[in-house]
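Spelled out, the chains give:
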Amino acid sequence: SEQELQGELTDGFHLVIDALKLNGINTIYGVPGIPITDLGRMMQAAGIRVLSFRHEQNAGYAASIAGFLTKKPGICLTVSAPGFLNGLTALAHATTNCFPMILISGSSEREIVDLQQGDYEEMDQLAIAKPLCKAAFRVLHAADIGIGLARAIRAAVSGRPGGVYLDLPAKLFGQVMDAAAGAKSLVKVIDAAPAQIPAPSAVKRALDVLKSAKRPLIILGKGAAYAQADDDIRKFVEKSGVPFLQMSMAKGLLPDTHAQSAGAARSTVLKDADVVMLIGARLNWLLSHGKGKTWGDAPKKFIQIDIEPKEMDSNVEIVAPVVGDIGSCVSAFLEAMGGNWSPAPADWLSTVAKKRDENVAKMAPKLMSNASPMDYHGALGALRTIVKERPDAIFVNEGANTLDLARGVIDMYKPRKRLDVGTWGVMGIGMGYSIAAAIETGKPVLAVEGDSAFGFSGMEVETICRYKLPICIVIFNNDGIYRGTDVNSANSDPATTVFVKGSRYDKMMEAFGGVGVNATSPDELKRAVNEAMDSGKPTLINAVIDPAAGSESGRIGNLNPQSALKKK
Ligand code: OXT
Ligand code: MG
């Protein structure tokens with residue numbers, strides 16, 4: 001009670017912990033060291049789950065995806081300068097992908113840093129973080145810790161979510177203050193992400209445009225998945241009768257096998273649609289900026305639903321902008337549609353379905369191949385069945401061919417089950433995402449990784465074994481980046497895209513007590529994955545893929561600049 005606290009003291013360490021707990025933050029991803037080692041220990045003692053990683057970037061990616069999965073800011077805790085910089089990539093990634101995250105870094109003596117006198121790990125971290133995140137704050141007085149964290153939480157989750165940096169100088173932790181005053185200084189953030197209700201006129205305008213369409217299309221982005229408005233989104237899509245495309249991390253919002261799914265008729269719907277409704281999807285490079293060859297010649301009208309007003313008209317004209325949070329917007333649509341909405345023209349839906357079924361049928365035989373060494377389709381055909389049978393498992397995916405082909409082949413059945421490289425197409429999210437997904441959801445994780453992609457975070461297999469997480473990693477080992485067949489004819493160095501041939505990544509897992517398997521055929525792969533998913537034991541399967549099977553940059557080879565002078 002307040003009376004008991006009279007005369008008692010608290011300090012920065014305890015106030016940080018109390019402020020986090022008061023706001024329901026009970027999991028931290030980080031790497032210990034000066035000046036936050038004791039903070040980590042004390043957090044753990046106070047009942048916070050502190051996941052200790054091998055590299056801050058992986059802890060940061062874990063925090064970012066924890067934010068996506070929970071709508072609460074994922075927290076990454078690092079030391080100063082180098083640790084901070086290691087975490088910063090993930091913070092920028094969170095901001096780009098609109099995931100709520102807070103990077104908390106210890107920092108060195110302000111007086112010395114500002115005079116540039118060469119302190120231990122000297123760096124003006126606040127200034128460096130600022131351009132890479134939504135907001136950045138520094139707390140200098142213990143009495144401001146409560147406000148500092150409240151501001152960080154609000155900035156991370158309200159409006160369009162993103163990354164926030166919170167700078168805590170070493171000196172802050174030891175600062176002592178009266179315990180009662182300290183307790184009073186803490187802030188429990190109320191309604192951290194207030195609903196943003198769309199204007200009724202905007203809702204009506206959007207529905208009028210949708211109603212006028214002959215060939216409408218709905219595109220669901222990961223913003224729609226983030227919203228956790230799954231039932232209303234499904235109701236809205238079904239009531240509209242409009243074919244839908246799901247961006248990579250939106251897959252499963254509605255099952256990929258849904259009658260209205262246009263996932264396997266992507267180029268057809270993008271070209272031929274006359275009205276396109278974007279829900280939590282941005283017209284960035286992944287959608288060819290809403291123009292050019294991908295979108296065909298026929299004129300198009302875009303309706304866009306996004307929480308960020310500045311998103312509108314970013315690439316092309318948006319004839320019906322609807323600004324608000326996705327949950328509020330979609331429920332407003334449902335209400336405004338009323339009881340007698342006539343669904344999209346049936347001939348368009350059947351044209352799309354026909355194209356989709358053709359593409360699915362074309363791919364089917366490739367997925368049956370039991371050839372050894374495996375090609376991508378043979379290996380993915382085996383995994384596709386496993387995911388179908390285990391729709392609650394989380395599917396993590398990175399690589400080039402390993403990513404692009406898995407996206408097409410592996411159907412998702414439930415929302416927020418597919419986690420991948422996101423807006424930047426970044427390699428290195430694999431183990432951080434897998435760890436956070438296991439921790440935050442308690443569900444088993446299947447991570448399908450290119451051998452290059454895995455290398456960016458591979459050391460975290462030790463972390464996975466240490467925490468005994470139910471993660472099964474499958475490495476599509478084709479001896480390199482895109483392919484394992486390049487040759488350098490200039491000298492004896494290997495080509496820049498190839499790795500040691502015949503590597504056995506499974507042995508890395510065995511080194512830490514996990515299960516390692518070398519799989520050379522789809523049957524072996526299937527058996528090993530099923531066993532891992534049943535046992536929940538940390539497992540790494542080295543899936544041997546034909547080094548010649550992949551293509552340059554997977555599905556995005558067109559983005560490589562070409563030299564006109566290149567020797568043939
Ligand atoms: O309609 P059409 O005919 O067009 O057909 C489409 C669908 O309709 C159809 N489809 C289907 N058919 C049948 N059945 C089903 N179920 C079905 N579903 C779909 O299939 C086609 C394709 O569909 P899709 O995929 O939806 O459409 P499309 O056209 O591909 O979509 C466009 C995009 C842009 C939306 C999509 O391609 C996309 O999301 N792409 C993301 C690409 C991406 O982000 N790639 C990662 C980056 S690549 C590169 O940068 C790499 N690096 C460099 C690097 C990076 N990234 N990061 C860092 C920190 N450092 C360096 C590196 C190092 S990749 C990489 C490593 C690669 O090596 P690995 O060993 O890891 O991997 P491997 O390649 O395996 O060796
Ligand atoms: Mg590879």
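Structure's up top.
The present account deals with the structure reproduced in this document. (Residues numbered from 1 in each chain as written. Chains lettered and ligands numbered in written order. Predicted model: local features only at pLDDT ≥ 70, side-chain atom pairs only at ≥ 80, totals over all residues. Heavy atoms only, no water.)

## Thoughts on the overall build of the protein
For the protein, the count of helices and strands is 23 helices and 19 strands. Over its C-alpha atoms the protein spans a radius of gyration of 25 Å, differing by no more than 12% from the 24 Å that the globule rule assigns to 568 residues. In terms of overall dimensions, the protein has a C-alpha envelope of 75 × 65 × 55 Å along the principal axes. Counting the 568 residues in the protein, one finds 55% classified as buried. Summing over all exposed atoms, the protein offers an accessible surface of approximately 23600 Å²; the carbon and sulfur share of this is 54%. Side-chain charges of the protein comprise 61 positive and 60 negative groups, with the mean position of each set lying 7 Å from the other. (Helix = DSSP H or I, 4+ residues; strand = E, 2+ residues; numbered from the N terminus. Rg over C-alpha atoms; globule rule 2.2 N^0.38 Å. Buried < 20%, exposed > 50% of the residue type's maximum accessible area, 1.4 Å probe, protein only. Areas by Shrake-Rupley, 256 points an atom, 1.4 Å probe, with all protein chains shown as cover. Lys, Arg positive; Asp, Glu negative; His and termini not counted. Charge placed at Lys NZ, Arg CZ, Asp CG, Glu CD.)

## As for the site of ligand 1
As a matter of local geometry, ligand 1 sits amid 34 residues, with Tyr376, Thr402, Arg407, Gly425 and Asp451 nearest to it. Here an oxygen atom of ligand 1 and a side-chain polar atom of aspartate 451 are 2.6 Å apart. Here an oxygen atom of ligand 1 sits 3.0 Å away from a polar atom, N or O, in the main chain of glycine 480. When the free accessible area of ligand 1 is taken as 1400 Å², the share hidden by the protein chains comes to 79%. Put simply, the parts of the chain that give the shell around ligand 1 at least two residues each are helix H14 (266–272), helix H16 (346–367), helix H18 (401–409) and helix H20 (451–455). At six residues, H18 tops the list of elements feeding residues into the shell around ligand 1. Residues belonging to the shell around ligand 1 are distributed by class as follows: 17 nonpolar, 12 polar and five charged. (Near = heavy atom within 4 Å. Polar contact = N/O pair within 3.5 Å; in protein donor to acceptor, adjacent residues only side chain to side chain. Nonpolar A, V, L, I, M, F, W, Y, C, P; charged D, E, K, R; others polar.)

## Describing the sheet that holds strand S6 (residues 135–138)
Here six strands make up an open sheet; going across it, the order is S3-S2-S4-S5-S7-S6 and the pairing parallel. Where the open sheet ends on each side, the last strands, each with one partner, are strand S3 (49–52) and S6. Neighbour-to-neighbour, the strand axes of the sheet open up by a mean angle of 20 degrees, direction not taken into account. The pairing of strand S2 (residues 27–30) with S3 spans four bridges and is parallel. (Pairing = 2+ DSSP bridges. Axes fitted to C-alpha atoms, helices over the stretch in contact; angles between N-to-C directions.)

## Some words on the coordination of the magnesium ion (ligand 2)
Protein coordination at the magnesium ion (ligand 2) comes from Asp451 (OD), Asn478 (OD1) and Gly480 (O), with a distance range of 2.0 to 2.1 Å. Each donor residue of the magnesium ion (ligand 2) lies on one chain, and together they are spaced D-x26-N-x1-G. With aspartate 451 in helix H20 and asparagine 478 in the loop between strand S17 (471–477) and helix H22 (506–511), the pair connects residues that are 27 residues apart, well separated along the chain. The same class applies to aspartate 451 and to asparagine 478, which are both buried. (Donors = N, O, S within 2.8 Å, 3.2 Å for Na, K, Ca; no water.)

## Remarks on the environment of leucine 278
Examined against the element boundaries, leucine 278 turns out to sit in strand S11 (residues 275–279). In contact with leucine 278, other than residues within four places in its own chain, are Ile219, Leu283, Leu287, Phe302, Ile303, Gln304 and Ile305. (Contact = heavy atoms within 4.5 Å.)

## Regarding a nonpolar patch on the surface
Taken together, Trp285, Leu286, Ile556 and Leu559 make up a surface patch of nonpolar side chains, about 330 Å² in accessible area. With respect to the element layout, leucine 286 can be found in the loop between S11 and strand S12 (301–306). (Patch = residues over 30% accessible without salt bridge, like charges linked within 9 Å, V, L, I, M, F, W, Y side chains within 5 Å. Salt bridge = Lys/Arg side-chain N within 4 Å of Asp/Glu carboxyl O.)

## Re helix H19 (residues 430–441)
Its 12 residues place the ends of H19 16 Å apart at the C-alpha level, agreeing with the 16 Å of an ideal helix rising 1.5 Å per residue. Just downstream of H19 lies glycine 442, where phi reads positive at about 70 degrees. (Expected span 1.5 Å × (residues − 1).)

## Observations regarding unusual backbone geometry
Isoleucine 34 connects to proline 35 through a cis peptide bond whose omega is 5 degrees. Looking at where proline 35 falls in the secondary structure, it is placed in the loop between S2 and helix H3 (37–45). A cis amide bond, omega 0 degrees, links serine 372 with the succeeding residue proline 373. Here proline 373 shows up in the loop between H16 and helix H17 (376–389). In this structure, aspartate 191 is a non-glycine residue whose phi angle is positive, near 55 degrees. Although it is not a glycine, glutamine 228 sits at a positive phi angle of roughly 55 degrees. Its place among the elements puts glutamine 228 in the loop between helix H12 (222–226) and helix H13 (230–240). Judged by relative accessible area, glutamine 228 falls into the partly exposed class, the value being 38%.

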